[in-house]
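Architecture and fold: a report
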Amino acid sequence: MRKIVIDAASLNKGSEVVSRDGENVTLKIPSGGGGISLPQLAGCPERYLTFYIEALTDHSVPMEIVIIPKNTDAKKQDIRFGIMPRFRVLICIDLQWLDGNVLFPGHTEGELKVVCHGGRIIPEDIKYIGLEAMPSYHDITICITDLILTDERPEKFPIPDDKLIDEFGQYKKKDWPGKIKNCEELKNRLHEAAGVSGNFSIDGWSRYGGYEKNKLSEGTGFFTVKKSGGRWWLADPDGNAFFSAGPCCTVVRADCRVDGVEKLLDWLPARDDPEYGHLFSQRFRPYHDAGCRPDNVMFSFEEANLYRAFGSAWYEKWTHLISGQFRENGLNTLANWSDRKLFGTAGIPYVFMLDRFPGTKKFIFRDFPDVLSDEYAEDAEMCAEFLTPYMNDPFMIGYFLRNEPAWAFVDNLMVADEVLYNPDPSVCKDKLIQFLMDKYITPQALSKAWNHRFDNFDDLRKPVFRASGFSPQALADQKEFSRILLGAYVTIPSRACRSVDQNHLNLGMRWAWISDPDIITGWENFDVFSINCYAVDPTSALDNVVKLGVDLPIVIGEFHFGALDTGLTATGLEGVANQHERGRAYRYYCERVAAHPSGVGCHWFQCYDQFALGRFDGENYNIGLFDICSLPNRTMMQAVKQCAKGLYQVMEGSVPPAAEKPVSIPMIAY
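Residues numbered from 1 in each chain as written. Predicted model: local features only at pLDDT ≥ 70, side-chain atom pairs only at ≥ 80, totals over all residues. Heavy atoms only, no water.

Moving on, we come to the nonpolar core. Formed by 219 residues in total, the largest nonpolar core has its most connected members in Trp407 and Phe529. Here this core gets 10 residues from one element, more than from any other, and that element is helix α8 (residues 472-500). Within the second largest apolar cluster, six residues are counted, among which are Leu103, Val115, Phe409 and Ala512. (Core = buried A, V, L, I, M, F, W, Y, C linked by side-chain atoms within 4.5 Å. Buried < 20%, exposed > 50% of the residue type's maximum accessible area, 1.4 Å probe, protein only. Helix = DSSP H or I, 4+ residues; strand = E, 2+ residues; numbered from the N terminus.)

The structure is reproduced here in structure tokens:
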């Protein structure tokens, strides 16, 4: 075990020590971000970095272990994690995460979401490593205690004795307009929200939320795509122009993580409580877990609040509330991860994702399967069967194959390099070796072309690190084979789905972003190309897809904006000044998608605000159209409806998109 001392030499980016009390060091960090350098971490023999940290501010703070490589062309990498405001918490960073094999390693009690951005980095590649706060809209103060390098992972992660959450699941340390104060107020406001009903309230909208004043075809009974005059369209089953808009995660579920933090709650029923005990769940697992919080207990404050208002008939009332609010405010799509019981019954078009994307027992890198194996093809056929119950439903727009593959979070990842680096045998490795044997015939010819000695082709079965960097020809070969792998990754499940369901649209992969131009490989298998895009203006992201050669309509599967003037302490991936600016940002974004020749929809993430202490993976963002009490955010809904009234005119080009940008602040997210 080694202690690390914070001294003047370790401070960076204008950070200052404002006080020192024994092991407690309080830092003032400028709004541009900063902290301390930790050169001791580069190549250290110990496995863990542990420390206590407290943010002396009124919002959550995203922190990073920042790694800058020696290669000036490479991007910085980081291990990002969030901390609650004025809440002292023990952090444990596993330095094995630098290997890049895990994206979401899990979080400990009192900590918020942890994400490992970037790929693999080895000690000799590190130019700089440090602990830093991300940029904020003001200077912040952080207290750090007991920076330690150790081989022993802490057994316990103590948290303060403080009540942070009230009986309704709301954050106690803040007040805001609309905060529920008692059960009577909750009942009255939920009954009022559920009183909205009827058809789509916007003039000219069809029963599907399409635009009857722009009929593209006679209709096929299902959603279709059409290109006319250089502009892509979706058409509803009656043939009317359709722009898909609606929130993801329109569902009441147990997504408030409470294990290990029970003492922070004013109210939590016993697991065997006859009225509320069934609201606990363990069905949501962190992406990786890593043993951080193995109990993984979730609770549904959303359902508890609905039960308080409506009793045992809460689900029927909630369905009426949601469908009525959607129609009244011009939301025509139940987007990804929504309640499947609403599909075909709520009278709202919907999209969903395959229940499971095909995989193999062994993976190449993160979640990239052995795609050239029979195992992958067979599993793809099994996964496609999920579509069978929905294949004749006219309200189904289409299906996404999957969401944000973890391997694609690494910019310019060379999948073929990972095939050669992975020590496990795989069909992909067999095929790659055969590809090189066919091309070079002898290991001597391969050695000359790659500028790297191979005594025989079996040398390729041993781990080979960054093979594409050996020579320009090695790079060309590895890129060529990577495209073969990417093509198989997309084409095999797409064909399997098409064999099951010929009626609905294949909406693609929901890429987090286009992290490499070759990501688009196989786009011809889709009916619609999908990306998730967190930005103020999505235009450049849409343009990039088109410039790469994709000739398809584009749906954005996720976007959002959050602020700090309601009951959450983090903004999400795009921050704005307040709720009014959230509404402005929504309209500015949606209308720019509608104005783009390929833009046919954008889906807000998500329906509900997240839990103040974190959902299953530790996110706690103000990103809902509804709060934890299932009440609509009035400011947001006004903006949503105003936007919907003009969307089809913007799409047609008769009205320009909104010109006024929102007032942004640096994101508070992890």
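Take the side chain of Thr566 next. The topology assignment puts Thr566 in the loop between β27 (554-559) and β28 (575-576). A distance of 3.4 Å separates the side chain of Thr566 from the side chain of Asn622, its partner in a polar contact. Residues in contact with Thr566, not counting those within four places in the same chain, are Lys174, Trp176, Gln579 and Asn622. (Polar contact = N/O pair within 3.5 Å; in protein donor to acceptor, adjacent residues only side chain to side chain. Contact = heavy atoms within 4.5 Å.)

What follows deals with helix α4 (residues 374-384). The set of residues buried in α4 consists of Tyr376, Asp379, Ala380, Cys383 and Ala384. Down the axis of α4, the smallest arc covering the buried residues is 140°, so these residues share one side. Opposite the buried face of α4, at more than 90 degrees from it, the exposed residues are Asp374, Glu381 and Met382. Buried residues along α4 sit in contact with β23 (368-369) and α8. (Arc of directions from axis to C-beta.)

The strand order across the open sheet built from four strands is β13-β16-β15-β14, with neighbouring strands paired in antiparallel fashion. At either margin of the open sheet sits one strand with a lone partner, and together these are β13 (211-215) and β14 (224-228). Pairs of neighbouring strands in the sheet enclose a mean axial angle of 60°, with direction left out of account. Pairing between strand β15 (residues 231-235) and strand β16 (residues 240-242): two bridges, direction antiparallel. Directly across from Leu234, in β16, lies its bridge partner Phe242. (Pairing = 2+ DSSP bridges. Axes fitted to C-alpha atoms, helices over the stretch in contact; angles between N-to-C directions.)

Let us look at the environment of His603. If you trace the backbone, His603 turns up in strand β29 (residues 599-604). Each C-alpha atom, one on His603 and one on Ala245, is 5.4 Å from the other, the two residues being 358 residues apart in sequence. Looking at His603, its side chain comes within polar contact range of the side chain of Ser244, at 2.7 Å.

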